[in-house]
Amino acid sequence: MRQRLSSVATALAVAAALACGLFGLGATARAGTGEIVRVEVLDGGTTARGTLQAALRITLQPGWKTYWRAPGDAGIPPTFSWRGARNLGAVAFTWPTPEVFLTSGFRTIGYHDQLVLPVEVTPQTPGKPVRLKGRMELGVCKDVCVPADVRFDHQLDPGAPRHPAIAAALASRPWSASEAGVRAATCSLRPTKYGMEVTARITMPSAGGEEIAVIEPGSPTLHAGETKTRREGNQLIAQTEFLPAEGRAYAIDRSKLRITVLGRDHAVDIRGCDAG
């Protein structure tokens, strides 16, 4: 089984590389990432909860794109490290609604030209300065894909005014389940030869046009495959397969599943589902 899972992981990696054009790239393409992408920290001041609002503004050269937290069939998920940060108790991201791209026949999900990613910071010691220092590893793509490593170091200003770019990014988040009129969300589980098939049935109004659902497992020990989505009347049905990483034992907690529906008119963020 481990050999089979390893083969699946290898195949996915090869597909991603082919879709992004990574094969054949040399040191020159990788060395030029500083000209393709840059990052800055934006201050948004103190929230009503006493946390600090900030954002990472990732600016790309025209025509380039980067990826959402669940990047699709062949995307590269961003990762973060907060090494060197000071008085950092907790960090919470609010991801703006992404776009769906078709790259070499693969569906990927992300942003083009610029991403403003709101970051809400809870200080470890309230009232003390917070130093937001870290690095973000991400993939950026145009005709080819390039791995990028951007670093930032900024002391947050608790007295900063509301930042319009952060406000706009927060406003572009997906709707919550209640805002979108979701009446029910159930998930059934079925063992497969190598993992677990999850079928979500969501009773909700249409999000407009072709609806694409993404089911995230809520666990780093599971890999999610492509989600197939169809609508039957007032129900949206989304189905995917979760595969365990490196053959490890796993369990699926329905309350931690996260289902995002991307439609023409809006997106919907559904946290957890009932047994069904």
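Conventions we followed
Residues numbered from 1 in each chain as written. Predicted model: local features only at pLDDT ≥ 70, side-chain atom pairs only at ≥ 80, totals over all residues. Heavy atoms only, no water. Disulfide = S-S within 2.5 Å. Buried < 20%, exposed > 50% of the residue type's maximum accessible area, 1.4 Å probe, protein only. pLDDT = per-residue confidence, 0-100. Contact = heavy atoms within 4.5 Å. Pairing = 2+ DSSP bridges. Helix = DSSP H or I, 4+ residues; strand = E, 2+ residues; numbered from the N terminus. Axes fitted to C-alpha atoms, helices over the stretch in contact; angles between N-to-C directions.

Draft legend 1. Region of interest: the state of the cysteines. What the rule picks out here adds up to two disulfides. Covalent S-S linkage joins C141 and C145, the inter-sulfur distance amounting to 1.8 Å. Sign of the S-S torsion, about 110° for the bond between C141 and C145, identifies this disulfide as right-handed. C141 gets classed as buried once you look at its relative accessible area, which sits at 2%. Using a relative accessible area of 2% as the deciding quantity, one classes C145 as buried.

Draft legend 2. The confidence of the model for the chain, seen in detail. Confidence along the chain averages 88 in pLDDT terms, with 87% of residues attaining 70 or more. In the predicted structure, residues 1–32 sits below a pLDDT of 50 and forms 36 contacts with residues beyond four places in sequence or in another chain.

Draft legend 3. Region of the structure containing the sheet that holds strand β2 (residues 52–60). The sheet built from four strands is open, its strands ordered β1-β2-β8-β5 with antiparallel pairing. Because the sheet does not close on itself, it has two edges, and the strands there are β1 (37–46) and β5 (88–93). Shown here is a sheet whose adjacent strand axes are inclined to one another by a mean of 25°, direction ignored. Where β1 lies against β2, eight bridges are found, and the strand directions are antiparallel. Bridged to V41 within β2 is L56. Taken strand by strand, helix α4 (residues 164–171) contacts β1, β2 and β8 (114–123), and its axis lies near 95° from that of β8.

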